[in-house]
Protein chains: 2
Amino acid sequence: MSVSETRTEKEQKVDTRFTYAFEEGNASMKYVLGGKGANLAEMTKIGLPVPHGFTITTEACNEYHKAGGTNPKGLREEIEARRIDLEGKMGKKLGDATDPLLVSVRSGAAFSMPGMMDTVLNLGLNDQSVEGLTAQTGDARFAWDSYRRFIQMFSKVVLEMEGQPFEDAMSVIKDKAGVKLDTDLTADHWKEVVAAFRVLVKAASGSDFPSDPDEQLMLSIEAVFSSWNNKRAIDYRRLYKIPDDLGTAVNIQSMVFGNKGEGSATGVAFTRDPATGENARYGDYLLNAQGEDVVAGIRNTSPLTDLGNELPECWAELSKNMETLENHYRDMCDIEFTIEQGKLWMLQTRAGKRTAASAIKIAVDMVKEGLITKDEAILRVHPDQLDQLLHPQFGKDQKVDVLTKGMNASPGAAVGKVVFDANTAEERAAEGEDVILVRWETTPDDLHGMIAAQGILTSHGGKTSHAAVVARGMGTPCVCGADALSIHADEGYFAVNGTKVNEGEVISLDGTTGTVVLGEVDLVDPVPGEEFEMILDWADNLRTLGVRANADTPEDCQRAREFGAEGVGLCRTEHMFLGDRLPIVRHMILAEDDADRSSALDDLLKVQRSDFIGIFEAMDGLPVTIRLLDPPLHEFLPDHTEIQVDIARMEASGGDAAEITAKQDLLERVQKYSESNPMLGMRGCRLGIMWPEIYQMQVRAIIEAACERKSSGGNPIVEIMIPLVSLEAELETLRGEAIEVATKVMAEKGTDVEYKIGTMIELPRAAIKADEIGRHADFFSFGTNDLTQTTFGFSRDDVEGKFFPRYINRKILKANPFETIDSGVLNMVEIGAERGRANNPGLKLGVCGEHGGDPDSVKAFHNIGINYVSCSPFRVPVARLAAAHAVAEGKLEAK
Amino acid sequence: MSVSETRTEKEQKVDTRFTYAFEEGNASMKYVLGGKGANLAEMTKIGLPVPHGFTITTEACNEYHKAGGTNPKGLREEIEARRIDLEGKMGKKLGDATDPLLVSVRSGAAFSMPGMMDTVLNLGLNDQSVEGLTAQTGDARFAWDSYRRFIQMFSKVVLEMEGQPFEDAMSVIKDKAGVKLDTDLTADHWKEVVAAFRVLVKAASGSDFPSDPDEQLMLSIEAVFSSWNNKRAIDYRRLYKIPDDLGTAVNIQSMVFGNKGEGSATGVAFTRDPATGENARYGDYLLNAQGEDVVAGIRNTSPLTDLGNELPECWAELSKNMETLENHYRDMCDIEFTIEQGKLWMLQTRAGKRTAASAIKIAVDMVKEGLITKDEAILRVHPDQLDQLLHPQFGKDQKVDVLTKGMNASPGAAVGKVVFDANTAEERAAEGEDVILVRWETTPDDLHGMIAAQGILTSHGGKTSHAAVVARGMGTPCVCGADALSIHADEGYFAVNGTKVNEGEVISLDGTTGTVVLGEVDLVDPVPGEEFEMILDWADNLRTLGVRANADTPEDCQRAREFGAEGVGLCRTEHMFLGDRLPIVRHMILAEDDADRSSALDDLLKVQRSDFIGIFEAMDGLPVTIRLLDPPLHEFLPDHTEIQVDIARMEASGGDAAEITAKQDLLERVQKYSESNPMLGMRGCRLGIMWPEIYQMQVRAIIEAACERKSSGGNPIVEIMIPLVSLEAELETLRGEAIEVATKVMAEKGTDVEYKIGTMIELPRAAIKADEIGRHADFFSFGTNDLTQTTFGFSRDDVEGKFFPRYINRKILKANPFETIDSGVLNMVEIGAERGRANNPGLKLGVCGEHGGDPDSVKAFHNIGINYVSCSPFRVPVARLAAAHAVAEGKLEAK
């Protein structure tokens with residue numbers, strides 16, 4: 001069930017009553033009745049045995065909060081009437097001394113928030129009705145146990161008392177009685193417990209425990225309303241992006257008891273296996289128990305299928321009901337049931353939560369069974385879930401020693417020995433060891449170590465830090481910006497929250513969640529099976545949005561292709577400027593003169609050409625968008641503060657004068673490239689305007705590589721992309737220069753290759769002026785990372801760790817705009833798309849920011865008419881599925 | 001005449017002929033015929049004595065260049081026909097051996113580009129026609145002198161020969177003849193000169209000097225076309241923002257001669273004094289001379305009024321013609337005339353260039369004379385000219401020793417002794433000396449020295465650098481980013497292009513042009529007179545756009561008020577955080593804990609309150625928009641690189657351990673605030689969200705100050721402005737917090753003051769989401785400096801000095817977008833204005849970026865419906881006039 005669903009007009013304009021009897025509602029009313037209430041109504045409607053009850057609407061909860069914690073006018077009267085109606089249906093009365101009605105009071109929001117809000121059971125018990133319950137059941141022990149459970153729960157939920165004093169009081173009585181287990185206590189013991197509990201309540205609240213069932217009921221309902229805004233509920237909503245203004249419904253339902261002896265039972269059932277998706281009844285139950293005993297895990301439960309032996313008639317009925325429900329809901333259902341003295345009651349149903357593997361298998365099987373359509377099957381698998389199937393994960397149910405959490409920068413889990421530098425990482429890896437590279441943050445110098453490592457952990461930098469970007473590209477798990485880490489690489493350890501971890505010690509990390517664990521965690525390898533391929537096939541058939549990959553090496557391209565990428569949407573040439581090429585690049589930048597620079601460029605030409613040949617080969621027949629050099633040149637240079645520190649140290653300690661002069665000379669040249677805001681400085685196409693020879697070299701390398709591939713029978717599809725354009729004349733000039741070089745190269749080689757020239761739209765001005773810029777572009781690729789930075793005026797490095805947490809906490813930001821496209825930035829993309837096409841209707845539009853791999857963003861891009869997205873290879877399946885979701889959801893909405 | 005005028009539709013779609021006889025055109029055709037051609041036609045039309053001729057259109061020139069330097073089809077034939085027509089009118093033929101026609105060939109673009117393009121005179125002379133000229137004039141010496149002048153000019157302009165060989169050849173002949181002056185050479189000598197010149201031409205070009213007049217004519221025309229794209233013409237257009245695609249017209253006109261003896265003369269006349277504006281004939285002339293002799297300054301000219309004595313009839317006619325022209329053009333005219341043997345010929349007229357003082361006086365006088373309307377008078381004064389009247393300037397006609405040029409960061413000129421630090425500046429100034437503070441760049445620490453200095457010179461930083469912003473605010477002349485300067489403050493000197501300037505030496509600088517001069521230059525003080533006030537009064541009556549000032553102190557406010565500001569549009573509170581308050585501010589930022597911070601905030605509260613009291617007093621009855629703290633906090637902290645260098649030095653030289661630890665501690669705290677892109681980091685309202693106590697202190701100080709003013713009978717009009725908003729919830733939250741504080745303060749004080757709360761719109765997202773943000777704002781103020789930075793993705797500090805020159809040179813940028821609002825940024829402002837008003841129709845819209853003082857930008861803001869601009873106090877008169885221009889131009893267009 002997706003959170004992005006919204007209330008329909010009709011649901012919003014529902015009439016103003018605050019309560020519905022179960023038989024008055026249905027499953028479509030979840031925004032009014034909550035998920036639980038709507039499904040209870042639905043089960044009632046289709047004739048399943050549901051204990052009578054009624055639901056108080058979410059609207060009542062919202063009104064309650066709006067009025068600062070006061071029940072809306074008329075609510076109390078409606079509840080009163082419903083209570084009387086319920087008593088009539090049941091032939092019992094709340095608090096009755098002979099045959100009392102007991103009810104449960106449960107929360108139930110539109111989206112499941114398990115355990116986040118409050119519940120009160122056995123409501124209606126007091127000193128009179130407990131006798132009635134005894135009389136009806138002939139079981140004083142059961143009655144008094146129920147009574148003490150009610151007091152305990154009510155005290156916690158409504159009176160907000162601590163649980164420990166109650167536990168302590170029970171222990172005292174058990175000790176006095178000389179018994180260990182609750183089950184060994186007699187009715188008289190429970191009476192004693194009840195008396196003790198009443199004393200506790202009086203002491204804590206200053207009043208007697210409320211004995212009037214109406215008061216009990218109203219207080220419980222208000223407690224459930226309040227629990228909508230308790231801290232854990234708010235945190236949960238934040239995590240799952242559930243809106244705060246939905247409110248919770250409250251369900252008041254006649255109690256049935258699974259703990260009325262051996263003919264009674266309570267359990268949870270799934271119509272299919274939620275872990276594997278296998279089409280078989282699944283679940284567990286307890287004989288003679290109440291529902292919370294199953295959940296609490298106090299006693300060992302029995303597998304559901306045993307019920308056939310123990311209570312065969314009930315099993316047959318339950319089994320039939322399960323089939324009814326699955327066919328009715330056309331989905332795997334999660335069911336709660338209770339058997340009271342041989343009579344089966346259905347207490348709850350909902351779509352069952354499931355693993356990714358299970359979600360896929362169930363969806364595919366149900367299509368085969370003719371139960372759902374392929375469109376529906378696609379919508380049953382959340383794109384983000386696919387990640388579980390593409391990377392190793394921490395195995396379930398392990399006890400782990402969590403050291404700290406950082407940002408979940410690159411998904412998947414890894415285990416290895418801690419190393420603090422790239423060389424050691426490479427050496428140890430060469431010796432066959434698994435290592436985790438731990439750095440303050442990484443730089444281009446660390447690349448070989450990053451390649452060698454199983455995982456990467458940094459204490460600084462956000463999700464676009466060097467470490468994060470490179471790791472995602474390689475599919476290496478990475479946790480970034482774990483700022484609790486204090487790294488003492490010189491002394492061979494890092495410390496975190498008082499724990500010292502030495503080089504060589506084993507740690508595990510989960511880049512999907514950001515968790516860092518001391519010691520080894522068992523990993524589970526992904527096994528995307530046949531159904532995985534099938535659902536993606538269906539998705540491919542449905543979607544209209546193209547999906548490409550961001551890939552910079554032949555290996556990445558290969559992987560992207562295997563994951564179904566239809567081309568490369570972003571090949572970053574600067575990644576080819578690192579590693580063993582860095583000296584050549586530095587040479588080029590710091591060149592003494594043109595001749596010197598030209599020789600460095602020649603060296604780069606050779607290596608770039610061979611890079612491109614490999615990439616065109618891996619992507620033969622598919623388009624490859626190569627972005628010309630983008631980052632500020634000083635990123636390739638040593639840090640100027642470090643040089644200044646070196647000079648100061650050398651000078652103070654009487655260092656060699658010549659060396660000092662050389663350093664000073666280096667400093668001067670490096671400082672020429674130093675900028676106060678490099679993100680807004682000399683980068684992207686501005687480099688191309690200032691040093692035309694760099695782009696000319698790159699275009700030459702690209703076209704030479706394409707010619708060579710074509711001559712050897714390949715089919716290179718070339719797209720040259722010019723980054724960071726803000727002015728029409730930038731693109732016009734650089735396009736002209738590129739065409740000139742390309743024409744020359746093709747003449748030299750005697751080969752003709754087709755190529756396109758386009759631009760990144762990643763600055764607000766480029767979007768605003770897309771009409772002018774579009775005249776000179778064969779394609780646009782929206783660089784939504786940078787566009788988000790400039791549209792917001794946020795430098796991701798500076799804000800993500802520093803003030804986003806506070807912003808999200810204070811509800812100033814709803815989500816991290818670097819993960820899910822922001823509506824303002826999306827509007828900027830829309831403006832760019834519209835204006836770009838206005839002057840150039842055939843303009844192809846792509847998105848190559850990180851958002852290209854985020855399902856919500858992918859859908860947004862589809863909806864504004866983007867042609868393709870491009871994301872890291874591992875996100876390609878996610879994007880394919882998300883693109884299909886967009887179409888399927890569109891069809892649903894159109895209905 | 002403004003360059004922003006553009007061709008009307010009608011002019012653009014003019015018919016396709018390439019030539020117009022003078023009697024066929026008129027003054028409105030300057031885009032077709034050039035300024036000179038159009039005015040020759042106009043003078044012909046109104047019956048003034050203009051020698052016959054015709055004009056080749058600018059379109060022909062453009063076609064010529066488009067075809068890569070080839071005459072457009074049909075042009076030669078048209079010229080041929082025109083030549084024949086001209087010969088018919090004159091009764092003479094080009095090259096005729098008995099009575100030859102001679103013509104001049106002159107360039108003439110739509111905008112005057114004096115001396116930038118080429119001219120050929122005396123065309124039509126050859127060995128035959130020189131005899132005809134002799135016969136007609138009876139003056140062989142004159143004829144042969146004219147012939148040699150023609151060869152010399154043609155060789156230079158058309159054949160692109162150097163001038164020196166011709167001068168040398170003449171010297172040889174003069175030596176041989178034993179004469180010193182040209183005028184002493186006889187006809188025979190000139191024949192010799194001609195012969196020698198022909199030899200030179202043959203040697204240089206390999207061909208004979210062309211004797212066919214048709215060939216002479218076509219070659220000269222093409223040379224004039226080509227001169228449109230010579231370097232000095234291009235540079236001139238760049239300087240005056242004249243579009244490159246206008247092209248030049250070519251005027252072919254029958255020659256008349258002012259050098260035919262004592263009854264002949266040539267001169268330049270102005271209908272009013274171009275320096276003072278006085279209503280009196282002004283100009284100079286030479287008897288018996290050709291036009292270029294007047295310009296070249298070879299002989300001393302006579303004042304125009306002497307002509308009445310020497311050639312009274314001609315003077316009477318000229319005087320009448322001048323009156324005719326002034327009344328016809330309704331403007332001061334600049335006229336060229338020639339008297340040939342007693343006959344007056346009008347050769348050119350145009351609107352005369354004039355000083356600011358003259359422009360104002362002429363405009364006001366002409367209104368008084370009933371010649372023009374007030375609207376026209378307003379349009380006759382360029383807003384930028386007013387600057388001349390508000391700041392001291394370098395006096396004219398001084399020989400100065402220009403050291404270097406930097407950016408013209410704050411207008412006006414200053415003279416003083418070089419000092420290299422703020423303390424010395426303050427000390428010397430206290431001793432009564434004038435000093436110029438020379439710094440690498442300035443920091444808040446330098447403020448006292450900047451206040452003390454007459455002028456400020458920095459080698460780094462652009463027009464928004466600290467030095468520039470502070471200097472403009474104070475009205476202190478400043479030249480920034482003079483990067484040829486190599487400053488050796490420790491050694492007490494700076495060097496520039498090989499010149500060493502020691503501390504204490506006198507330099508002069510002109511912040512209006514960016515010029516730095518060695519030694520003392522005489523300055524001229526501005527004297528804005530009665531007419532200045534009058535024209536601004538008229539402007540105020542006409543304009544609808546409000547004009548406020550950016551002012552941070554009571555003194556600035558006072559000055560702004562004197563300059564006519566209608567309020568303060570931007571009062572930057574961070575400037576109040578500098579100087580002697582810096583220690584308190586650092587204390588606040590680096591506070592150990594909340595209590596510590598709170599005590600620093602209390603200190604700041606006191607000083608801020610007293611600041612605001614002063615400001616409200618100075619602006620009593622006018623609105624004051626106070627911006628809450630905006631810059632990143634680390635701007636108030638020491639530089640982290642410097643601390644690291646200190647530590648390294650102390651460590652290497654065995655410094656005191658405790659001191660080192662203290663430094664390291666400081667470093668750690670400073671580094672917490674260090675950012676990779678501070679422009680996009682923790683600043684503006686983000687500070688307000690992170691540390692609510694800072695804004696709360698500021699709001700308290702503002703409201704307390706307003707209450708105090710009100711209690712003492714003042715009328716404070718308070719507007720609180722929250723900077724750098726990108727999200728609706730930022731403004732909503734901070735507005736709520738501000739209102740809470742204000743309400744509390746007013747209750748404490750028992751006084752009610754009205755206040756508004758608004759926001760800066762300076763991020764693209766704020767403009768895009770102005771509909772949401774506008775719901776919580778009483779006003780928007782567009783911060784177009786930052787908006788330009790983020791819309792373009794340009795950091796002004798990083799790009800202005802580094803790549804703007806290249807961008808402008810390569811025509812990629814048409815103008816510096818930080819000076820004149822860019823069309824893309826303007827569109828962003830438009831979107832913000834539109835969307836903001838959509839949800840809040842009463843929203844008041846201002847602009848407080850530097851653009852608020854730029855005339856073109858002011859007009860653009862007027863045109864999109866902005867309510868007011870705010871600029872530095874000294875630009876207020878400029879903005880007032882520009883705002884009036886916008887209305888006057890709008891009226892004209894509507895006609």
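Here, every reference points to the structure presented above.
Predicted, not measured: the structure shown is a model, and the values here were computed from it.

Trainee: What is the right way to look at the overall build of chain A in this model?
Mentor: Scanning chain A from N- to C-terminus turns up 35 helices and 33 strands. When its C-alpha atoms are laid out on the principal axes, chain A stretches across 105 × 65 × 50 Å. Here chain A, with 895 residues, has 58% of them falling under the buried criterion. Counting contacts in chain A only where the partners sit at least 6 residues apart, residues at least 24 apart contribute 68% of the total. Accessible surface, chain A as shown: approximately 35,100 Å² in total, 48% of it carbon and sulfur. If you average the places of the 95 positive and of the 141 negative side-chain charges in chain A, the two averages end up 5 Å apart.

Trainee: Help me understand the pattern of salt bridges in this model?
Mentor: Pairing between side chains becomes possible if they bear opposite charge and their charged atoms approach one another. A complete count under the given rule lists 118 salt bridges over all chains for this structure. Residues Glu433(A) and Arg428(A) are paired through a salt bridge, measuring 3.9 Å at the closest nitrogen-oxygen approach. Judged by its relative accessible area of 25%, Glu433(A) falls in the partly exposed class. A salt bridge links Asp85(B) to Lys89(B); its shortest N-O distance comes to 3.0 Å. With Asp85(B) and Lys89(B) both in helix H4 (residues 75-90) and 4 residues apart, the pair spans about one turn of that helix. Taking relative accessible area as the criterion, Lys89(B) reaches 32% and is therefore assigned partly exposed. Shared partners join several salt bridges into a network, and the residues in it are Glu574(A), Arg627(A), Asp630(A), Arg683(A) and Asp786(A).

Trainee: Please explain the pairing of strand E17 (residues 435-439) of chain A as it appears in this structure.
Mentor: A regular strand carries its side chains on alternate faces of the sheet. All names here are of chain A. For E17, a buried count of 4 out of 5 residues is recorded, marking the element as mostly surrounded by other parts of the structure. At this point the chain moves from strand E16 (residues 413-419), through helix H16 (residues 422-430), to the parallel E17, and the crossover so formed is right-handed. Relative to strand E18 (residues 455-458), E17 runs parallel, the two being bridged by 4 bridges. If you follow Val438 over to E18, its bridge partner there is Leu457.

Trainee: Please explain the relation of the copies chain A and chain B as it appears in this structure.
Mentor: Each of the two copies of the chain can be brought onto the other by a rotation about an axis and a shift along it. Of the transformation placing chain A onto chain B, the axial shift is 0.1 Å and the rotation is 179°, giving an RMSD of 0.3 Å. The two molecules are tied by a two-fold rotation axis, judged by turn and shift. The residues that chain A uses at the interface reappear at the interface of chain B in 100% of cases, marking a shared surface.

Trainee: I tried to follow empty space enclosed by the protein on my own but got confused; where do I start?
Mentor: A water-sized probe rolled over the atoms picks out the places where empty space is left. Residues and elements named next belong to chain A. This structure, assessed with the given rule, holds 5 cavities of 30 Å³ or more. Considering the residues around the largest cavity, the lining is formed by Leu628, Tyr695, Gln696, Val699, Ile722, Leu734, Glu737, Ala738 and Val741. Every element with two or more residues in the lining of the largest cavity is listed here: helix H26 (692-711) and helix H27 (728-749). Of the residues that constitute the lining of the largest cavity, the class distribution is 7 nonpolar, 1 polar and 1 charged.

Trainee: For this particular structure, what's the right way to read the packing of aromatic side chains?
Mentor: Each aromatic ring pair is described using two quantities: the centre-to-centre distance and the angle formed by the ring planes. Under the criterion given, the structure shown has 40 aromatic pairs over all chains. Between Phe794(A) and Phe804(A), the aromatic rings sit 5.3 Å apart at their centres with planes inclined by 65°, giving edge-to-face as the arrangement. Here Phe794(A), found in the loop between helix H30 (784-792) and helix H31 (796-799), pairs with Phe804(A), found in helix H32 (residues 804-809); they are 10 residues apart in sequence, far enough to count as distant. For the ring pair Tyr673(B) and Trp691(B), a centre distance of 6.1 Å and an interplane angle of 35° mean the geometry is tilted. One end of the pair, Tyr673(B), is in the loop between helix H24 (657-672) and helix H25 (685-690); the other, Trp691(B), is in the loop between H25 and helix H26 (692-711), with 18 residues separating them in the sequence. In this structure Tyr673(B) comes out as buried when scored by relative accessible area, which is 11%. An aromatic cluster of at least three residues, connected via ring pairs, comprises Phe792(A), Phe794(A), Phe803(A), Phe804(A), Tyr807(A) and Phe818(A). When the ring centre of Tyr20(A) is taken as origin, the NZ or CZ atom of Arg17(A), which lies over that ring, is 3.9 Å away.

Trainee: Can you walk me through the sheet that holds strand E10 (residues 302-303) of chain A in this structure?
Mentor: Residues and elements named next belong to chain A. The strand order across the open sheet built from 5 strands is E10-E9-E8-E11-E12, with neighbouring strands paired in antiparallel fashion. Looking at which strands have only one partner, the edges of the open sheet turn out to be E10 and strand E12 (343-351). When strand E11 (residues 333-340) meets E12, the two strands line up antiparallel, connected through 8 bridges. Note that in E12 the partner of Glu340 across the bridge is Lys343. The sheet contacts of helix H13 (residues 312-329) involve strand E8 (265-270), E11 and E12, and relative to E12 the element is tilted by about 25°.

Trainee: Just to check I follow, could you spell out the interface of chain A and chain B for this structure?
Mentor: Many descriptions give the size of an interface as the accessible area lost when the pieces come together. Every contact between the two is made by 59 residues of chain A and, on the other side, 59 residues of chain B. Summed over both partners, the interface of chain A with chain B comes to about 5,000 Å²; 57% of that surface belongs to carbon and sulfur atoms. Joining chain A to chain B, the criterion identifies 6 salt bridges. The salt bridge involving Arg810(B) is made with Glu737(A); its shortest N-O contact spans 2.7 Å. Linking chain A to chain B there are 29 residue pairs in polar contact (both at pLDDT 80 or more). Of all the secondary structure elements, the ones that give two or more residues to the side of chain A that touches chain B are helix H23 (640-652), helix H25 (685-690), H27, helix H28 (764-768), H30, H31, H32 and helix H33 (823-839) of chain A. Among the elements that take part in the side of chain A that touches chain B, H23(A) stands out by supplying 8 residues, more than any other. Among the residues forming the side of chain A that touches chain B, the class breakdown is 25 nonpolar, 17 polar and 17 charged.

Trainee: For this particular structure, what's the right way to read the side chain of Arg82(B)?
Mentor: All names here are of chain B. Assignment of secondary structure puts Arg82 in helix H4. You can call Arg82 buried: its relative accessible area is 13%. The contact partners of Arg82, leaving out residues within four places of it in the chain, are Arg17, Thr19, Tyr20, Ala21, Glu24 and Phe54.

Trainee: Please explain the nonpolar core as it appears in this structure.
Mentor: The nonpolar side chains of soluble globular proteins are, as a tendency, buried together. Grouped together as the largest cluster of nonpolar side chains are 327 residues, with contacts concentrated most on Ile535(A), Ile703(A), Ile535(B) and Ile703(B). With residues near it in sequence (within four places) discarded, Ile535(A) still touches Ile360(A), Ala363(A), Val364(A), Ala377(A), Ile378(A) and Val381(A).

Trainee: I keep staring at the sheet that holds E16(A) and nothing clicks. Help me out?
Mentor: By definition, the strands of a sheet pair up through backbone hydrogen bonds, in either a parallel or an antiparallel sense. Residue and element names in this part refer to chain A. Spatially, 8 strands are ordered E14-E24-E23-E16-E17-E18-E19-E15 in an open sheet, and the strand pairing comes out mixed. The strands lining the two open edges of the sheet, one partner per strand, are strand E14 (401-405) and strand E15 (407-410). Going from strand to strand, the sheet's axes swing by 35° on average, the running direction of each strand aside.

Trainee: What should I look at first to understand the environment of Ser220(A) in this one?
Mentor: Residues and elements named next belong to chain A. Positionally, Ser220 belongs in helix H9 (residues 213-227). For Ser220, a relative accessible area of 0% gives the class buried. Dropping the residues within four chain positions of it, Ser220 is found in contact with Val105, Val120, Leu123, Phe154 and Val158.

Cut-off values and rules
- Along each chain, residues carry numbers from 1 onward, in the same order as the chain's sequence is written.
- As they are written, the chains are lettered A onward and the ligands numbered 1 onward, keeping that order.
- Thresholds applied to this predicted model are a pLDDT of at least 70 for local features of residues and 80 or more for the giving and counting of side-chain atom pairs; totals over whole chains, interfaces and linings are not thresholded and use all residues.
- To get the side-chain values, all heavy atoms of the structure are used, and hydrogens and water are removed first.
- Secondary structure elements are defined from DSSP: runs of H or I of at least 4 residues count as helices, runs of E of at least 2 residues count as strands, and each element is numbered from the N terminus.
- Partly exposed describes any residue whose relative accessible area lies between the buried limit of under 20% and the exposed limit of over 50%, with all areas from a 1.4 Å probe on protein chains only and scaled to the type maximum.
- We call two residues in contact whenever any of their non-hydrogen atoms come within 4.5 Å of each other.
- The accessible surface values rely on the Shrake-Rupley method and a 1.4 Å probe; as for residues, cover is taken only from the protein chains in view.
- In summary, the charge assignment counts Lys and Arg as positive and Asp and Glu as negative, without counting His or the chain termini.
- The atoms used to mark charge sites are NZ of Lys, CZ of Arg, CG of Asp and CD of Glu.
- Any Lys or Arg side-chain nitrogen found within 4 Å of a carboxyl oxygen on Asp or Glu counts as a salt bridge.
- Crossovers are described as right-handed under a simple rule: with the strands pointing away from the observer, the path leading from the first strand over the helix to the second runs clockwise.
- Two strands pair under a simple rule: DSSP has to find at least two bridges between them.
- Least squares is the method used to superpose the copies, on C-alpha atoms of residues holding a pLDDT of at least 70 in both.
- Each cavity reported here is a set of points on a 1 Å grid over the protein atoms alone in which a 1.4 Å probe fits but cannot get out, each pocket an open set with protein on both sides within 12 Å along at least five of seven lines, and each lining residue one with an atom within 4 Å of a point.
- Grid points are joined across faces, edges and corners, and a volume is the space filled by probe spheres set on the points.
- Side-chain classes follow a simple rule in which Ala, Val, Leu, Ile, Met, Phe, Trp, Tyr, Cys and Pro form the nonpolar group, Asp, Glu, Lys and Arg form the charged group, and the remainder, Gly included, forms the polar group.
- Pairing of aromatic rings covers Phe, Tyr and the six-membered ring of Trp, with a centre-to-centre limit of 6.5 Å; geometry is then stacked below 30 degrees between planes, edge-to-face above 60, and tilted otherwise.
- To sit over a ring, a charge needs its Lys NZ or Arg CZ within 6 Å of the ring centre and within 35 degrees of the ring normal.
- Convention adopted: a line fitted to C-alpha atoms gives each axis, helices being fitted over their contacting stretch, and angles between N-to-C directions are expressed from 0 to 180 degrees.
- As used here, buried area is the combined drop in accessible area, with a 1.4 Å probe, of two parts when they are placed together.
- Counting of polar contacts relies on pairs of N or O atoms within 3.5 Å, with two restrictions inside protein: one atom must be capable of donating a hydrogen and the other of accepting it, and residues adjacent in sequence are counted only when both atoms are side-chain atoms.
- Among buried residues, the Ala, Val, Leu, Ile, Met, Phe, Trp, Tyr and Cys ones that are joined through side-chain atoms within 4.5 Å form a nonpolar core.

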